[in-house]
Amino acid sequence: MPIRRFLGMVERERKFLGEELTRTQKIMPLLMKPRNGERWTPEEKRELVDHLKRLSGMGPYVALLLLPGGLALLPLLAWWLDRRRDRRPPPPA
């Protein structure tokens, strides 16, 4: 049963990371506002702070990549995070 528990933990972390990356996709338009000559509203400032807090929670994943040999784990991490993997149609015969 330890393998099942480990796989459950891996699945939980994969879902967490996928959700966080999906939520933070809206950060780029906010970051570009000052560059485009616009000002942030107080609501946008709060949203930006929320995005940055969310990104800071992803620190362990970034640390994994910075460790010696962490770059070698990048393909494994990409495979693990590939949410399309389960929905891909079978290759044509």
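Residues numbered from 1 in each chain as written. Predicted model: local features only at pLDDT ≥ 70, side-chain atom pairs only at ≥ 80, totals over all residues. Heavy atoms only, no water.

Time to look at the overall build of the protein chain. Secondary structure assignment for the protein chain yields five helices and zero strands. Taken from the N to the C terminus, the helices and strands of the protein chain come in the order α-α-α-α-α. Residue burial in the protein chain is summarised as follows: out of 93 residues, 18% are buried. A fraction of 56% describes how many contacts in the protein chain between residues 6 or more apart in sequence connect residues 24 or more apart. (Helix = DSSP H or I, 4+ residues; strand = E, 2+ residues; numbered from the N terminus. Buried < 20%, exposed > 50% of the residue type's maximum accessible area, 1.4 Å probe, protein only. Contact = heavy atoms within 4.5 Å.)

One can find Lys-33 in the loop between helix H2 (27-32) and helix H3 (42-56). A relative accessible area of 18% means that Lys-33 is categorised as buried. Dropping the residues within four chain positions of it, Lys-33 is found in contact with Glu-38, Arg-39, Trp-40 and Glu-44.

We now examine the side chain of His-51. Within the element layout of this structure, His-51 appears in helix H3. You can call His-51 buried: its relative accessible area is 3%. If near-sequence neighbours (up to four positions away) are discounted, His-51 is found in contact with Arg-23, Thr-24, Lys-26, Ile-27 and Leu-30.

Per-chain confidence: the protein chain averages 76 in pLDDT, with 77% of residues scoring 70 or above. Mean pLDDT across the elements of the protein chain bottoms out in helix H5 (residues 74-81) (69) and peaks in H3 (88). (pLDDT = per-residue confidence, 0-100.)

Nonpolar side chains collect at one region of the surface, where Ile-3, Phe-6, Leu-7 and Met-9 lie side by side and expose about 430 Å² of accessible area between them. Within the fold, Ile-3 resides in helix H1 (residues 2-23). For Ile-3, a relative accessible area of 64% gives the class exposed. (Patch = residues over 30% accessible without salt bridge, like charges linked within 9 Å, V, L, I, M, F, W, Y side chains within 5 Å. Areas by Shrake-Rupley, 256 points an atom, 1.4 Å probe, with all protein chains shown as cover. Salt bridge = Lys/Arg side-chain N within 4 Å of Asp/Glu carboxyl O.)

Attention shifts here to the pattern of salt bridges. Within the structure shown, the criterion is met by three salt bridges. Note that Glu-43 is salt-bridged to Arg-46, the shortest N-O span being 2.9 Å. Taken as a pair, Glu-43 and Arg-46 lie in helix H3 at a separation of three residues, close to a single helical turn. For Glu-43, a relative accessible area of 46% corresponds to the partly exposed category. Among the residues examined, Arg-46 registers a relative accessible area of 48% and is labelled partly exposed. Here the salt bridges share partners, and the residues they tie into one network are Lys-33, Glu-38 and Glu-44.

With that out of the way, let us pick up H3. In this model H3 runs 21 Å from its N-terminal to its C-terminal C-alpha over 15 residues, within 8% of the 21 Å that 1.5 Å per residue would give. For H3, the complete set of buried residues consists of Glu-44, Leu-48 and His-51. Buried residues of H3, viewed axially, fall in a sector of 60 degrees; they line one side. Across from the buried face of H3, at angles greater than 90 degrees, the exposed residues are Pro-42, Lys-53 and Ser-56. (Expected span 1.5 Å × (residues − 1). Arc of directions from axis to C-beta.)

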